[in-house]
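Structure at a glance
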Amino acid sequence: MSRSNDAVAGMLREYSELLAIAGGPAFKVRAYEKAARAVAGHPDDVTGLSGKELRGIPNVGDHLARKILEFLDTGSVTELVELRSRVPEGLRTLLTVPGLGPKRAHQVYEQLGITSIDGLLQALHEHRLQDLRGWGAKTEDNLAASLGEAHSAGERVQLGFALDLAEELLTRISAWPQVRRAAYAGSLRRMRDTIGDIDLLVAAGEAEPVMSGVVELPHVARVLAHGPTKTSVVTSTGVQVDVRVVQPDVWGAALLYFTGSKQHNIEVRELAVRAGLKLSEYGLFDVETGVLVAAETEEEVYARLGLPWIPPTLREGAGEVAAALGGRLPQLVRIGDVRGDLHTHTDLTDGVATLEQMVAAAKARGYEYYAVTDHAPLLYMQRMTREKALAQRKRIRELERTSGMSLLHGTELNVQPDGSLDWDEEFLSTFDIVVASVHSQFRQPRAEMTARVLRAIEHPCVHVIGHPTARVIGTRRPVDLDFDAVFRAAARTGTALEINAFPERLDLDGDLVRRARHLGVRFAVSTDAHAVPHLDFMRYGVATAQRGWAAPGDVVNTYPLDELRRFLAKPLVTAGERTFTP
DNA sequence: GCCGTTTTCGGCCCGACTGTTTTCAGTCG
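These figures come from a predicted structure and were not determined experimentally. (Residues numbered from 1 in each chain as written. Chains lettered and ligands numbered in written order. Predicted model: local features only at pLDDT ≥ 70, side-chain atom pairs only at ≥ 80, totals over all residues. Heavy atoms only, no water.)

**Structural notes on the overall build of chain A**
For chain A, the count of helices and strands is 24 helices and 17 strands. Relative to a compact globule of 582 residues, whose C-alpha radius of gyration would be 25 Å, chain A shows 26 Å and is just as compact. With respect to the principal axes defined by its C-alpha atoms, chain A has extents near 75 × 65 × 55 Å. Considering chain A as a whole, with its 582 residues, one finds that 53% of them fall into the buried category. Carbon and sulfur atoms make up 51% of the accessible area of chain A, which amounts to about 25,700 Å² in all. Side chains of chain A give 67 positive and 76 negative charges; the mean places of these two sets differ by 3 Å. (Helix = DSSP H or I, 4+ residues; strand = E, 2+ residues; numbered from the N terminus. Rg over C-alpha atoms; globule rule 2.2 N^0.38 Å. Buried < 20%, exposed > 50% of the residue type's maximum accessible area, 1.4 Å probe, protein only. Areas by Shrake-Rupley, 256 points an atom, 1.4 Å probe, with all protein chains shown as cover. Lys, Arg positive; Asp, Glu negative; His and termini not counted. Charge placed at Lys NZ, Arg CZ, Asp CG, Glu CD.)

Below, the structure written as structure tokens:
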């Protein structure tokens, strides 16, 4: 994703939020927010675009085009700087607390002088908030709960953010003359859904120039440590980056060591000890003679220990070493196995790209098929209607003839609190693919939530349950579900569970995928794209599937189209099996 | 501030939920 689009979108979003807190007109707040979304989702890099071209982006008009140009030109916007001076800096971070919007942020600032999350916690502790107009004990309780969650997320950043940053840093570092190889390691290479700090490994004959280069990188805000082979810095975005330099001939041993996980390394080193060997980041050595046995590649090191190469996404010390010893490692699904995306949106609902743009981008990715699944009427804000859906279907059928790619017309339904869905069964049966997701009432007790999701799974027209836990990383915890019951029902009815590839979601996560897989569940790895660049999130979804030990056969969108269609026919559901009737 | 006109003004995603009120404000999706 192009960085300048993200930077511009960030500027517009900040403007929108500051305006909201300052009590600016709501329509203006929304205008900035909409423009931010459009710019972030715009497929072309905005750098170098003319004012006229910028105005071609939806929701960007004269004023915003000028602000964007000023921003790209000077790195700043006069009016934004002025606005910042009127709103204390910390107030904006208060908006990240679920349940606290611009009005209440403004209120706690005006009446209690609170400008930070710490200040809010303090006031909460002293029960000073419930004296405010419109506040009560319950409001305080809810706020305390969401603050607790935000805090428990700690300083970790999302996978997508970390990977973008790591790749940008690696591009720079790899260009230095001393550098032979450079790669990210650690939890990022294992593709965990959140990343504590970024570990970069560099192979270079000479370490010193690399270490000095790292502290000079423009991203660096603070240097934590700066030694001959290891440097730790904090970036201006607050992420810690550890860079380690090794000799090129021990690359494999070092990469293995720095990729971890700790538990995986312990298990591998135990194997070494039992074989009279010693494993460190400098190589695999014979204990008696001290002779180096293997170090150059990971494959060599693993092989000398009697192991096949173990994919990083499996290295969690969760049975992968034993499986590797026994020849039982799964054949993992890979990005190249994916033949299509089964959950995407267009600007007919809340996407920012047109149907034509999304289809063209999917075609450019080389997909064999592509599903468009815009929202359904019960997500009221999207104002979907049967007529709009049918009109879209007509355009999809036309587009299919010219695009040379199979297009599936689908929809994303809303699973209501009682498990009922948008539209009737007769109309639903006319869609090629139906995704059903929970979008509201996330705090239902387990029994109700489970019954709700089970009813959707049992519905004969529902093919995929979208983002099954509805979590938003760092913001909203997963819903409370009896997963075994859900997984068994999904397996029995032939309903796929989604592995939503959006970096904020990654839902199901790797652990749940693994559990579900054991019960025979199949998965749809989908991006939930709302813009062209979001189609690239597929790699996060595939990595999450890998973390759940999923093979291509477990993932329905690796199937050729005819096989996918057989799956979507949901042959496993018969009327007699249904425990709920819609 | 943007957009689409019944084009240069007047609308702007719209309904549910929560917790507070005692008829509604704030937040969310």
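**Points about the domain arrangement of chain A**
Domain annotation for chain A reports domain 1 (3-152), domain 2 (157-246), domain 3 (261-325) and domain 4 (335-572). Using only C-alpha atoms to locate each centre, domain 2 and domain 3 end up separated by 24 Å. On the side of domain 3, 9 residues touch domain 2, which itself brings 5 residues to the contact. Counting each side, the surface lost to burial between domain 2 and domain 3 is near 610 Å², with a carbon and sulfur contribution of 43%. (Domains from an automatic or database assignment. Contact = heavy atoms within 4.5 Å. Buried area = accessible area lost by both parts, 1.4 Å probe.)

**Quick look at the protein's contact with DNA strand B**
Around DNA strand B there are 35 residues in total, and Phe27, Asn59, Gly136, Met381 and Arg383 lie nearest to it. Atoms of DNA strand B within 4 Å of the protein belong to the sugar or the phosphate in 76% of instances, the rest to bases. Separating a phosphate oxygen of DNA strand B from a side-chain N or O atom of Gln441 is a distance of 3.3 Å. Residue assignment for the surface near DNA strand B shows that the elements contributing at least two residues are helix 2 (26-41), helix 4 (62-74), helix 7 (102-112) and helix 9 (137-152). By residue number, the principal contributor to the surface near DNA strand B is helix 2, which donates 6 residues. (Near = heavy atom within 4 Å. Polar contact = N/O pair within 3.5 Å; in protein donor to acceptor, adjacent residues only side chain to side chain.)

**Remarks on the environment of Met358**
Along the chain, the position of Met358 falls in helix 17 (residues 355-364). Residues Met358 and Val556, spaced 198 residues apart in sequence, show a C-alpha to C-alpha distance of 21 Å. When residues no more than four places from it in sequence are discounted, the contact partners of Met358 are His345, Ala353, Tyr370, Ala529, Ala531, Val532 and Leu535.

**Quick look at the UniProt feature "domain: Helix-hairpin-helix DNA-binding motif class" (unreviewed entry) in chain A**
The positions that UniProt labels "domain: Helix-hairpin-helix DNA-binding motif class" (unreviewed entry) are, in the present scheme, residues 52-71, 92-111 and 127-146. Secondary structure within residues 92-111 divides into 65% helix and 0% strand; the distance between the first and last C-alpha atoms comes to 17 Å. (UniProt positions renumbered as here; feature names shortened; annotations may be inferred.)

**Regarding helix 2**
End to end, helix 2 covers 23 Å across 16 residues, agreeing with the expected 22 Å (1.5 Å per residue, within 8%). Along helix 2, the residues classified as buried are Val29, Tyr32, Ala35, Ala36, Ala38, Val39 and Gly41. (Expected span 1.5 Å × (residues − 1).)

**Focus: helix 17**
An α-helix turns once every 3.6 residues. As a result, residues three or four positions apart point the same way. All of the buried residues along helix 17 are Leu355, Met358, Val359, Ala361 and Ala362. The buried residues of helix 17 all sit within an arc of 160° when viewed along its axis, so they share a single face. If you follow the buried residues of helix 17, they end up packed against strand 12 (369-375), helix 18 (386-403) and strand 13 (406-414). (Arc of directions from axis to C-beta.)

**Brief notes about a negative patch on the surface**
A surface patch of like charges, here negative, comprises Asp249, Glu296, Glu299 and Glu300. By the secondary structure assignment, Glu299 is in helix 15 (residues 298-304). (Patch = residues over 30% accessible without salt bridge, like charges linked within 9 Å, V, L, I, M, F, W, Y side chains within 5 Å. Salt bridge = Lys/Arg side-chain N within 4 Å of Asp/Glu carboxyl O.)

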